[in-house]
Amino acid sequence: MADADIRDNAEAHRYELPVDGKVAVVVYNLSGQNLMITETLVPEALEGQGIASRLAKHVIADARARDLLILPVCPFFSAYLQKHPEHADVVHPTYRGILGL
């Protein structure tokens, strides 16, 4: 389920979601078929609104559509995937083991 408000800024290596004049981001490194998620950053004024989860859902859907495997180095992203094991198929096998998926 792609989110039309979220944009993949490939030059900056991040997904961006503008909200109320601020921008929440998921920072990544792409290497071959591996999408390493390094940071999820939500401005303090936007915290508690489900924005990080919204970004995570979009990134997972995008990775699945592009046949990429996610390497969740970011603590938020790792925790999100542990809470949503139904997305284990898009997680790199090494990280599946680390996260118990």
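Computed from a predicted structure; not experimentally measured. (Residues numbered from 1 in each chain as written. Predicted model: local features only at pLDDT ≥ 70, side-chain atom pairs only at ≥ 80, totals over all residues. Heavy atoms only, no water.)

Caption draft 1: Up close: unusual backbone geometry. Positive phi, close to 50°, is recorded for Asp-20, a residue that is not glycine. Relative to the helices and strands, Asp-20 resides in the loop between strand 2 (14-19) and strand 3 (22-31). One non-glycine residue, Asp-67, adopts positive backbone phi at about 55°. By the secondary structure assignment, Asp-67 is in the loop between helix 1 (51-65) and strand 5 (69-72). (Helix = DSSP H or I, 4+ residues; strand = E, 2+ residues; numbered from the N terminus.)

Caption draft 2: A look at the pattern of salt bridges. Within the structure shown, the criterion is met by six salt bridges. Here Arg-54 and Asp-5 are joined by a salt bridge, their closest N and O atoms 2.8 Å apart. You can see Arg-54 sitting in helix 1 and its partner Asp-5 sitting in the segment before strand 1 (7-9), a full 49 residues away along the chain. Accessibility expressed as a relative area gives 48% for Asp-5, which makes it partly exposed. Of the charged contacts in the structure, one is a salt bridge between Arg-7 and Glu-16, with a shortest N-O distance of 3.0 Å. The exposure class of Arg-7 is partly exposed, given its relative accessible area of 48%. (Salt bridge = Lys/Arg side-chain N within 4 Å of Asp/Glu carboxyl O. Buried < 20%, exposed > 50% of the residue type's maximum accessible area, 1.4 Å probe, protein only.)

Caption draft 3: Just helix 1, in detail. Over its 15 residues, helix 1 extends 21 Å from the first C-alpha to the last, a length consistent with the 21 Å expected when each residue adds 1.5 Å. Within helix 1, burial applies to Ile-51, Ala-52, Leu-55, Ala-56, His-58, Val-59, Ile-60, Ala-61, Asp-62 and Ala-63. Following helix 1 by one or two positions, Asp-67 adopts a phi angle in the positive range, close to 55°. (Expected span 1.5 Å × (residues − 1).)

Caption draft 4: Inspection of the pairing of strand 2 at higher detail. Two strands pair when backbone bridges link them, and strand 1 and strand 2 are joined in this way by three bridges, in the antiparallel orientation. Of the residues in strand 2, the one forming a bridge with Arg-7 is Glu-16. Pairing geometry for strand 2 and strand 3, over six bridges, is antiparallel. Paired with Val-19 across the two strands is Lys-22, which belongs to strand 3. (Pairing = 2+ DSSP bridges.)

Caption draft 5: Layout of helix 2 (residues 75-83). If you check which residues of helix 2 are buried, you get Phe-77, Ser-78, Tyr-80 and Leu-81. Buried residues of helix 2, viewed axially, fall in a sector of 160°; they line one side. The exposed set on the far side of helix 2, more than 90 degrees from its buried face, consists of Pro-75 and Lys-83. In the core, the buried residues of helix 2 are packed alongside strand 3, strand 4 (34-41), helix 1, strand 5 and helix 3 (93-99). (Arc of directions from axis to C-beta. Contact = heavy atoms within 4.5 Å.)

By themselves, these observations are geometric and do not establish any function.
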